[in-house]
Structures are given as structure tokens and as C-alpha cells.
Amino acid sequence: MEIIKNLHSYMAYVVLAVLIIAVFNAITGWLGKRDFTMHKDLRISLFALILSHIQLLVGLILFFISSSGLKAIQTLGMGGLNAPARLLAVEHPFTNIVALVLITIGWSRHKKMMESNRKFKTISLFYGFGLLLILSRIPWGQWLA
Ligand code: HEM
């Protein structure tokens, strides 16, 4: 349980860093009207997609084994959770699943597009909103404490 929690905690740095790089790269490519290349732009977006999915899986495992996840909901009931407990057990997991759905939609849509500009725009918007959702529900206090 501690191993999974530490893994999720340390991987968060990597996932956030790679997502920020992917969004920044897509926005600069979009606004700068660059060509979307396989060896750089596709790789960065794919790397961000894979790492965030691994984080999703580790998070899901954590949700089922951590005392702050499903167990907290079962013991205290939805209404019994205070704000910090609700963030860990409900808001963070739920929001991040939605964020991962957005990122995945962005990835599959960009693949079907032909023009570089539309690819960059799609990744900018879907990965960008996904990243904002993730950032909005990180348990910052607990993480960086
Ligand atoms: C994909 C992006 C995600 C990121 C960047 C992320 C990041 C984090 C961070 C930084 C923490 C605090 C760790 C600490 O206190 O040291 C955390 C805790 C937690 N995360 Fe995530 N997470 C993500 C997705 C998920 C998902 C999808 C779930 C569940 C479905 C989840 C479940 C949890 C749970 C249950 C905790 C509380 C663990 C505990 O305190 O015992 N996470 N997450």
C-alpha cells in the first residue's frame, strides 16, 4: 500500500511535467503554424498519453486499497466526509478520470486529422483542459507537505 502511494506520489511530478511540455509544445506549434512531425510532436503527445494512463491505473489501485479512498466513503458515508477527505476520495479520482477521457479523445481525434494546424489545436485544447482539471484537484497540501 505504501509502495503504491509513493509510486503515485512521485509519478505525479513526471506526469505533470510531461503534460505541461505536451500542452506547451502543442500551443506553440498551433500559434507558430509549425509542421506536426512524427519524431517530435507525435512522440511528446504519445508519451504524455501513456504516462497519464499509467498514473490513472496506479490511482485506481490506490482508490481501492488506500484508507483515504473507497474505505473512507464506506466508513463515513458520502455526507460524512469533510472537505479534505472528499477531495481525496471523490473529487480527485472523479476529476482525473474525466481529465483522462478528455486527453484520450484529444489523442484519437488528432490522429484522424490531416493538417498540422488542426492536430496542434486539438491537442492544445483537449490536453490543455485535461491538465487544468488535474491541476484543480491535486491534494497540494498533503502532496507537498
Ligand atoms: C492522472 C493524473 C493524476 C495525478 C497527477 C495524481 C496525483 C496525485 C497526488 C500528487 C496525490 C497526493 C499524493 C501524496 O499525498 O503524496 C494523489 C493522491 C491520490 N490519488 Fe491521484 N493522481 C492522478 C489520478 C488519480 C486517479 C485517476 C485516481 C483514482 C481513480 C487517483 C486516486 C488517488 C487517491 C485515492 C489518492 C489518496 C492516496 C492516499 O492519501 O492514501 N489519482 N494523486
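Heads up: the structure comes first, above all this text.
Computed from a predicted model, the values in this text were never measured in an experiment. (Residues numbered from 1 in each chain as written. Predicted model: local features only at pLDDT ≥ 70, side-chain atom pairs only at ≥ 80, totals over all residues. Heavy atoms only, no water.)

Caption draft 1: Quick look at the coordination of the iron atom of the ligand. The protein atoms that coordinate the iron atom of the ligand are His-8 (NE2) and His-92 (NE2), at distances spanning 2.0 Å. Coordination geometry of the iron atom of the ligand: the six donor atoms subtend angles of 86 to 179° at the metal centre, consistent with an arrangement described as octahedral. A residue pair is termed long-range when its members are at least 10 positions apart, and His-8 in helix 1 (residues 2–31) and His-92 in helix 4 (residues 83–112) qualify at 84 residues. For the pair shown, His-8 and His-92 are each scored as buried. (Donors = N, O, S within 2.8 Å, 3.2 Å for Na, K, Ca; no water. Tetrahedral: all angles 85-135°; square planar, octahedral: opposite > 155°, others 65-115°. Helix = DSSP H or I, 4+ residues; strand = E, 2+ residues; numbered from the N terminus. Buried < 20%, exposed > 50% of the residue type's maximum accessible area, 1.4 Å probe, protein only.)

Caption draft 2: A look at helix 4. Between its first and last C-alpha atoms helix 4 spans 41 Å; for 30 residues at 1.5 Å apiece the expected length is 44 Å, and the two agree. At Glu-91, helix 4 shows its largest bend, some 35°, and a proline, Pro-93, comes one to four positions later. For helix 4, the N-terminal capping position is held by Asn-82, with its side-chain oxygen 3.1 Å away from the main-chain nitrogen of Ala-85. (Expected span 1.5 Å × (residues − 1). Bend = angle between axes of the 7 residues up to and from the residue. Polar contact = N/O pair within 3.5 Å; in protein donor to acceptor, adjacent residues only side chain to side chain.)

Caption draft 3: Structural context of a nonpolar patch on the surface. There is a patch of nonpolar side chains on the surface, built from Met-1, Leu-57, Leu-60, Ile-61, Phe-64, Ile-65, Ile-97, Val-101 and Ile-105 and spanning about 750 Å² of accessible area. Those elements that provide at least two residues to the nonpolar patch are helix 2 (38–65) and helix 4. When residues in the nonpolar patch are grouped by element, the largest group, five residues, is from helix 2. Of note, Phe-64 is situated in helix 2. (Patch = residues over 30% accessible without salt bridge, like charges linked within 9 Å, V, L, I, M, F, W, Y side chains within 5 Å. Areas by Shrake-Rupley, 256 points an atom, 1.4 Å probe, with all protein chains shown as cover. Salt bridge = Lys/Arg side-chain N within 4 Å of Asp/Glu carboxyl O.)

Caption draft 4: Main features of the nonpolar core. Core analysis: the biggest nonpolar cluster contains 24 residues, and Leu-16, Leu-19, Ala-48, Ile-103, Tyr-127 and Ile-134 have the highest contact counts within it. When residues of this core are assigned to their parent elements, the largest contribution, nine residues, is made by helix 1. Residues contacting Tyr-127, with those up to four places away along its chain left out, are Leu-19, Ala-22, Val-23, Ser-45, Ala-48, Leu-49, Ile-103, Gly-106, Trp-107 and Thr-122. Residues Ala-72, Ile-73, Leu-81 and Ala-89 belong to the second largest nonpolar core, which totals five residues. (Core = buried A, V, L, I, M, F, W, Y, C linked by side-chain atoms within 4.5 Å. Contact = heavy atoms within 4.5 Å.)

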